[in-house]
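One letter stands for each residue in the lines below.
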Amino acid sequence: MIYLLVLTLMLLVEMDPVIEATVQDRRRPGAVAPGNILIGGLFPIHDGVENIGNLSGPQNPTCIGPTGLTQSLAMIHTVEKVNSSPLLRHLGVTLGYYIHDTCSDVTAALRGMEDFIKRHSECSSTSRASQNSQHMTAVIGAYSSEMSIAVARELNLELIPQISYASTADILSDKSRFPAFSRTVPSDVHQTSAMVKLLLANQWNWVGVVSTDGDYGRSAMDSFVSQALEVGICVAFREILPDSITNKQRLHATISQTITTIHTHSKVKVVVSFAKPEHMSRLFRGLVRNQEDQHVWVASDNWSTYEEVLSHEDLYHIGWVVGFSFKFRDVTPFEEYLLSLHLNSERNNSFLKELYSSFRDSHNISEANVSAITDQLIRSTPPGVVFSIEMAVNAIAQAVFPLCLSKVCTRSCCDSYTFDENGDINLGYDITLWETAEGQLKTQNVVAEYHQLNRSLTITNLKLNITSRCSDSCEPGQFKKTTEGQHTCCYDCIDCAENQYTNYTDMDQCYTCDSNTEWADPGSSGCKLKTLEFFPWNDGFAVMLLSLAGIGVLVVGLVSFLFLWHRDSPVVKAAGGPLCQLILFSLVGSFMSAAFFVGKPTNAQCKVRQVLYGLSFTLCVSCILVKSLKILLAFHMKLLLQQVLRRLYKSYVVVCACVAVQGVICTCWLLLKSPHKTFTLYTKYILEECNEGSYVAFAVMLGYIALLALLCFIIAFQGRKLPEKYNEAKFITFGMLIYLIAWVIFIPIYISTDGKYLPAVEMVVILISNYGILSCHFLPKCYSIIFRKTYNTRDAFMKNIYEYSKKLKGLLANTIHELFPGSKYCTIICIPSILVSNIM
């Protein structure tokens, strides 16, 4: 090991003169102009450096790739313009420059920095300063963020101001690490923020990212991804291309992998790229060869203005390029400057000589014909970068010469711009859409703007019918359900459950409707107000029932009139006489109670309807009970029981007693827990109905009527074999049977039914009961009165009773012998006096 170290030191000593000469050659600038104040310039004249295989000693880097002079010429033009200002001419002060080629390589850039630092140090040291030594005031450059970071660390040693015209990495805004650095372009944080807003505006939430390895690419990618995730944009893939283009095998493998990744993610239609122009050119060529689907390429400022990246023929196959470029002003003076250049006479600019020589050799043209070269320079001029370089030079001029504040100087210099506390100039971005026109690719079609101060995006003419989503948008009425482990942008759309809704697209959860007033079907986009429902007057069923009730009242009125007109006829007297009018009156009240079951309920209506029916029908059944007792009294053959019934039979007392009991029941019901209006909530509507208050009281009221009806039925059933013209018991039996059957059926239907038609159930039963009594008790008698007048006489009735009594002769004789054993009285024909009194 010691031997090798000694050998290496001896070799270095022997090579010292050669090394010194090589270093001096490396530091030689490509373009020089003298001046009182020197400005350094670092520009990527070439695209890269050739790999150095021999490491025996320091060597000059061999720069390769096409030449690009536009940026350095923009600095030269601005320096000349500033030097020609009236104020500088009056002061006798001029700006000079030393411009080095970075060859798009960090190491090459640092070698150029050695020249700047050496000149600055020599000027600062009185012992080493010579007559030709000049102070290096500031440095403009470099282009890429990676170079600017490396250069800034070197310039920090001497606190030489540095102004970059294109480096946008966010780390360069950190003044604690880069105190002497400023730039005339925004930070990448603003560019990535603008990209995120553009994606949101077009609803692209499933994207890919491509970048070049290095400080700029990785920093921009991290900034974009973090901001995208915050707003729900998912990154399907991230591909990082190697920074160097000299290792062609590695570069080709990475680009092939990137193409495969793009092909695999077929739903990704938008790709955000922070790559370098030369990388994008190779990537596009590979995509065209593989005939991939069209995509929207969101280009960063790194390559958004480089037309040579893509030919206008290939733009159709690639898709669309939406570029972010630095804002700029009119650069026509610079284009005029390029047209006036005499390339072959620029003795202090080796870059121009190289360009002229290479173009002449490849195109075989004469030295005088240089218009093709200037045309090429103009086409490769990125206006935003040119404008940024102009601002950088003017910023240095204004800082060096504080006296340049007069109007004359202001008119001679460019517009006034100021750096913020981070050393950045906040101008915002122009967003361009690449297009082809007249056989050429155009990259300056501005379709949107990003305003950096308020962080807003203004889209003026960008309409791309492209969908880039992992999953289709969930429509209103659906919510997103993400499977565990998937991207949040990949989800299933599930319909909201009943009584839930979503009113926007792509909502993460459903909202719940207010169950008291709202409802929603499954998959609804909003809640609907619950309708207020009740059994309305205009309902078809209600109209029919009310019509039947009205007809019933009309029929009762006609029957009552008929009975009053024939009140002295045997048929009317046999039917009960005045009791018939009382029954008809009660039927009117029962029919009218049906009307209180229709319409919007009120507390009064809820109380009246049940009480009115209960009292009316109790009166009706009580009168029928009296008639049943009369039949039992007339034809019961047990004389002892007959005598007891005669003492108890007081018709109106019985009716009043029965009705009084029902009155007590209804009074207790109303006082203790009366019926009232209530609201019942259903899924889609609110039912306004009557609550019976106490269903026990309701059942007692109906049960009491049923008990009276059952008693009538039992009594009347015993008299079913009465004379044909006096067969009242048979009709009472049928009438009570209809009532009992109707109300027995009513109970299960009433319990199992709900909704607005529940009142209709009770209305139907009431009408059946009323029409049953009306049909069985009165219609046959009306038929006899109207159509069988010969039978409606006293003689006809007496004859009928006589014939019936004759049939009972044997039965009556046996009864007398039972009462008077051993009696020798002859059997007589006994005519019940109560029947005779009824027809007299």
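Residues numbered from 1 in each chain as written. Predicted model: local features only at pLDDT ≥ 70, side-chain atom pairs only at ≥ 80, totals over all residues. Heavy atoms only, no water.

Draft legend 1. Structural context of helix 8 (residues 248–264). Compared with the 24 Å implied by 1.5 Å per residue over 17 residues, the 24 Å span of helix 8 between its first and last C-alpha is a close match. Burial in helix 8 covers these residues: Leu251, Thr254, Ile255, Thr258, Ile259, Thr261 and Ile262. Viewed along the axis of helix 8, the buried residues span an arc of 160 degrees, placing them on a single side of the element. Turned more than 90 degrees off the buried face of helix 8, the exposed positions are Gln249, His252, His263 and Thr264. Looking at the packing, one finds that the buried side of helix 8 touches strand 9 (206–212), strand 10 (234–241), helix 9 (277–289) and strand 12 (295–299). (Helix = DSSP H or I, 4+ residues; strand = E, 2+ residues; numbered from the N terminus. Expected span 1.5 Å × (residues − 1). Buried < 20%, exposed > 50% of the residue type's maximum accessible area, 1.4 Å probe, protein only. Arc of directions from axis to C-beta. Contact = heavy atoms within 4.5 Å.)

Draft legend 2. Fine view of the UniProt feature "transmembrane region" (unreviewed entry) in the protein. The positions UniProt marks with the feature "transmembrane region" (unreviewed entry) are residues 541–565, 577–599, 611–632, 652–672, 695–717, 729–751 and 757–779. In residues 577–599, the share of helix is 70% and the share of strand is 0%. The end C-alpha atoms are 38 Å apart. Measuring from the first to the last C-alpha atom of residues 757–779 gives 31 Å, for a span that is 91% helix and 0% strand. (UniProt positions renumbered as here; feature names shortened; annotations may be inferred.)

Draft legend 3. Structural view of the pairing of strand 17 (residues 446–451). Relative to strand 17, strand 14 (residues 429–433) runs antiparallel, the two sharing four bridges. Note that in strand 17 the partner of Tyr429 across the bridge is Tyr450. As defined by bridge partners, strand 17 adjoins strand 18 (residues 456–459) across four bridges and the pair is classed as antiparallel. Each bridged residue has a counterpart across the sheet, and for Glu449 the counterpart in strand 18 is Thr458. (Pairing = 2+ DSSP bridges.)

Draft legend 4. Quick look at the sheet that holds strand 27 (residues 685–691). Taken in spatial order, the three strands of this open sheet run 25-27-26, and their pairing is mixed. Of all the strands in the sheet, just strand 25 (531–533) and strand 26 (676–681) have a single pairing partner and so form its edges. Averaged over all pairs of adjacent strands, the angle between their axes in this sheet comes to 30 degrees, without regard to strand direction. Two elements, strand 26 and strand 27, share six bridges in a ladder whose sense is antiparallel. For His676, the partnering residue across the bridge sits in strand 27 and is Asn691. (Axes fitted to C-alpha atoms, helices over the stretch in contact; angles between N-to-C directions.)

Draft legend 5. Layout of the packing of aromatic side chains. Following the criterion strictly, the structure yields 25 aromatic pairs and no others. Aromatic side chains Phe284 and Trp303 sit 5.7 Å apart centroid to centroid with 70 degrees between the ring planes, which places their arrangement in the edge-to-face category. On the criterion of sequence distance, the pair formed by Phe284 in helix 9 and Trp303 in the loop between strand 12 and helix 10 (315–318) is long-range, its members being 19 residues apart. Take Phe284 and Trp303: they sit in the same class, and that class is buried. Centroid distance Phe324 to Tyr429: 6.4 Å. Interplanar angle 70 degrees. Geometry classified as edge-to-face. Residue Phe324 is located in strand 13 (residues 319–326), and its partner Tyr429 is located in strand 14; the two are separated by 105 residues in the primary sequence. On the accessibility criterion, Phe324 (0% relative accessible area) is buried. Through a chain of ring-to-ring contacts, three or more aromatic side chains come together here, namely Tyr613, Phe617, Trp669, Phe698, Tyr739, Trp743, Phe746 and Tyr750. (Phe/Tyr/Trp six-rings, centres within 6.5 Å; stacked < 30°, edge-to-face > 60°.)

Draft legend 6. Spatial organisation of helix 16 (residues 540–565). Across its 26 residues, helix 16 extends 37 Å between first and last C-alpha, which sits within 8% of the 38 Å expected from 1.5 Å per residue. Ala542, Leu545, Ala549, Gly552, Val556, Val559, Ser560, Leu562 and Phe563 are the residues of helix 16 that are buried. A side-chain oxygen of the first residue of helix 16 lies 2.9 Å from the backbone nitrogen of Phe541; this N-cap is Asp539. (Polar contact = N/O pair within 3.5 Å; in protein donor to acceptor, adjacent residues only side chain to side chain.)

Draft legend 7. Seen up close, the environment of Pro476. Examined against the element boundaries, Pro476 turns out to sit in the loop between strand 18 and strand 19 (478–481). The class for Pro476 is partly exposed, based on a relative accessible area of 31%. Along the chain, Pro476 and Ser524 lie 48 residues apart, while their C-alpha atoms are 7.2 Å from each other. In this structure, Pro476 is in contact with Thr502, Asn503, Tyr504, Thr505, Gly523, Ser524 and Ser525, ignoring residues within four places of it in sequence.

Draft legend 8. Structural context of the state of the cysteines. Within the structure shown, the criterion is met by seven disulfides. Disulfide partner of Cys63: Cys103, at an S-S distance of 1.7 Å. Residues Cys63 and Cys103 share a disulfide whose torsion about the S-S bond is about 65 degrees; that sign makes it right-handed. With Cys63 in strand 4 (residues 63–64) and Cys103 in the loop between strand 5 (95–101) and helix 4 (106–124), this residue pair connects regions lying 40 residues apart in the sequence. Each sulfur in the disulfide pair Cys234 and Cys489 lies 2.1 Å from the other. Across the S-S bond of Cys234 and Cys489 the torsion is about 90 degrees, and the bridge reads as right-handed. Highlighted residues: Cys234 in strand 10 and Cys489 in the loop between strand 19 and strand 20 (492–495), separated in sequence by 255 residues. Given the relative accessible area of 2%, Cys234 is considered buried. (Disulfide = S-S within 2.5 Å.)

Draft legend 9. Structural view of the pattern of salt bridges. In this structure the tally under the stated criterion is 12 salt bridges. Asp293 is the partner of Lys269 in a salt bridge, and the nearest nitrogen-oxygen pair spans 3.7 Å. Here Lys269 is found in the loop between helix 8 and strand 11 (270–274), whereas its partner Asp293 is found in the loop between helix 9 and strand 12, with 24 residues between them in sequence. Residues Lys684 and Asp521 are paired through a salt bridge, measuring 3.4 Å at the closest nitrogen-oxygen approach. In this pair, Lys684 sits in the loop between strand 26 and strand 27 while Asp521 sits in the loop between strand 23 (518–519) and strand 24 (528–529), placing the two residues 163 residues apart along the sequence. (Salt bridge = Lys/Arg side-chain N within 4 Å of Asp/Glu carboxyl O.)

Draft legend 10. Local environment of the confidence of the model for the protein. For the protein, the average pLDDT comes to 79, and 78% of its residues sit at 70 or higher. Here residues 1–26 scores under 50 on pLDDT; set against residues more than four positions off or in separate chains, the count is 15 contacts. In the predicted structure, residues 126–131 sits below a pLDDT of 50 and forms four contacts with residues beyond four places in sequence or in another chain. (pLDDT = per-residue confidence, 0-100.)

Draft legend 11. Structural context of the sheet that holds strand 7 (residues 162–164). Across the sheet, which stays open at both edges, the six strands sit in the order 1-5-2-6-7-8 with mixed pairing between neighbours. Only two strands of the sheet have a single partner each, and these edge strands are strand 1 (31–33) and strand 8 (181–183). Neighbour to neighbour, the strand axes of the sheet diverge by 20 degrees on average, direction disregarded. One ladder, built from four bridges, connects strand 2 (residues 37–43) with strand 6 (residues 136–140); its direction is parallel. Within the sheet, the bridge partner assigned to Leu38 lies in strand 6 and is Met136. Contacting strand 2, strand 5, strand 6 and strand 7, helix 14 (residues 383–400) runs over the sheet at an angle of about 160 degrees to strand 6.

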